[in-house]
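# Breakdown of the fold
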Amino acid sequence: MGELPLPLQVKLLRVLQEKKFSRIGSVREISFNARIVCATNKDLKEEVLRGTFREDLFYRLDGLSIRIPPLRDRMNDVLPMAEYLLKKIVRNGNLPERTLGPSAGKAIQSYSWPGNVRELHNVIYRASIIADKTEIREEDLGLPLERSVQEKPTLRELREIFEKEIVLESLVRHQGNVTRVAEELDVSKPSVYHFIKKHNLPTTFSVSPAEKPQSGS
């Protein structure tokens with residue numbers, strides 16, 4: 001919601017006030033009754049003061065506000081969330097059974113998680129593929145060096161994390177086909193091999209029976 005341009009804010013406010021709208025290309029108004037649920041990663045009160053968010057729309061939307069703290073502010077939730085995500089990823093991906101070992105659990109609770117739940121999901125997803133044993137270890141997570149939860153990663157560290165995740169996801173999607181990965185990422189094949197070596201990424205992936213093409217298809 002915090003990214004909505006001012007012209008669209010005006011239109012949304014009008015719709016919420018009148019509880020009517022018209023489809024594109026139509027002159028007929030349609031009445032509606034709906035509950036509005038929206039999310040933002042910005043402080044809308046500050047955006048109102050800056051003039052980037054309409055005050056009347058803010059008070060129209062601000063019926064019940066729920067603040068969800070970042071992971072670094074609720075570290076007791078990180079490990080249970082990681083375990084839940086791991087079970088879900090293993091189940092949905094038909095992957096071999098995985099568990100979080102003691103070293104992985106300690107690393108997860110020590111990391112500041114600047115990317116919040118999305119970063120946690122990507123780390124667990126990557127580890128579930130890379131791990132060569134049932135128990136996921138700290139080195140399988142590929143986290144940066146342990147830091148205080150108050151510290152923030154450098155731009156270079158964030159770039160390395162992003163680069164590794166993007167290349168790994170493309171490798172998984174194309175079952176290690178370097179040519180297709182290079183085409184998707186718009187880089188040369190030598191660059192893909194460089195990323196694989198640099199981040200110690202796998203190049204072979206098992207395909208579950210459900211994913212194998214049927215004969216004659």
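Up top you'll find the structure we're talking about.
Fair warning: this is a prediction, and the values are worked out from it, not measured in the lab.

Attention now goes to the overall build of the chain. A tally of helices and strands in the chain yields 10 helices and four strands. Reading the secondary structure of the chain in the N-to-C direction produces α-β-β-α-α-α-β-α-α-β-α-α-α-α. The buried share of the chain, taken over its 217 residues, is 32%. Taking the intrachain contacts of the chain between residues at least 6 apart in sequence as the baseline, contacts between residues at least 24 apart amount to 62%. About 15,000 Å² of surface is accessible on the chain, with carbon and sulfur atoms providing 52% of the total.

Here we come to helix α5 (residues 102-110). Restricting attention to buried positions, one finds in α5 the residues A104, G105, A107, I108 and S110. Tucked inside the fold, the buried residues of α5 contact α4 (78-92), β3 (99-100), α6 (116-130), β4 (135-136) and α7 (138-141).

Before going further, it helps to examine the packing of helix α9 (residues 178-185) against helix α10 (residues 189-199). Think of two packed helices as two axes; the pair is described by the angle between the axes and how far apart they sit. Where α9 contacts α10, the two axes come as close as 9 Å, and the packing angle between them is 105°. Classed by the angle they form, the pair α9 and α10 counts as roughly perpendicular. In this structure, α9 uses V178, T179, V181 and A182 to contact α10, whose residues at the interface are K189, V192, Y193 and I196. Among the residues forming the contact of α9 with α10, the class breakdown is six nonpolar, one polar and one charged.

A word on unusual backbone geometry. In most cases, non-glycine residues show a negative phi, while peptide bonds are predominantly trans. Although it is not a glycine, K19 adopts a positive phi angle of roughly 55°. Note that K19 resides in the loop between α1 (6-18) and β1 (20-22). Not every positive phi belongs to a glycine, and N200 is a case in point at roughly 55°. Along the chain, N200 falls in the segment after α10.

This brings us to the environment of A39. Structurally, A39 is set in the loop between β2 (29-31) and α2 (44-50). Measuring from C-alpha to C-alpha, the distance between A39 and G2 comes to 8.0 Å, with 37 residues separating the pair along the chain.

Our next topic: the nonpolar core. The nonpolar side chains of a soluble globular protein tend to be buried with one another. In this structure, L100, I108, W113, L120, I124, I136 and L141 are the most contacted members of the largest nonpolar core, which totals 24 residues. Element by element, the count of residues in this core is highest for α4, at eight residues. In contact with I136, not counting residues within four places along its chain, are L86, R98, T99, L100, G101, A104, A127, S128, A131 and L141. In this structure, L168, V181, A182 and V192 belong to the second largest nonpolar core, which totals 11 residues.

In this section: the pattern of salt bridges. Under the definition given, this model contains 12 salt bridges. Linking D56 and R54 is a salt bridge whose minimum nitrogen-to-oxygen distance equals 2.7 Å. Accessibility expressed as a relative area gives 35% for D56, which makes it partly exposed. Where E165 meets R126, a salt bridge forms, and the shortest distance between an N and an O atom there is 3.9 Å. Highlighted residues: E165 in helix α8 (residues 155-173) and R126 in helix α6, separated in sequence by 39 residues.

Quick notes on the rules
Residues numbered from 1 in each chain as written. Predicted model: local features only at pLDDT ≥ 70, side-chain atom pairs only at ≥ 80, totals over all residues. Heavy atoms only, no water. Helix = DSSP H or I, 4+ residues; strand = E, 2+ residues; numbered from the N terminus. Buried < 20%, exposed > 50% of the residue type's maximum accessible area, 1.4 Å probe, protein only. Contact = heavy atoms within 4.5 Å. Areas by Shrake-Rupley, 256 points an atom, 1.4 Å probe, with all protein chains shown as cover. Axes fitted to C-alpha atoms, helices over the stretch in contact; angles between N-to-C directions. Parallel < 35°, antiparallel > 145°, perpendicular 65-115°, else oblique. Nonpolar A, V, L, I, M, F, W, Y, C, P; charged D, E, K, R; others polar. Core = buried A, V, L, I, M, F, W, Y, C linked by side-chain atoms within 4.5 Å. Salt bridge = Lys/Arg side-chain N within 4 Å of Asp/Glu carboxyl O.

Read these as spatial facts, not as claims about activity.
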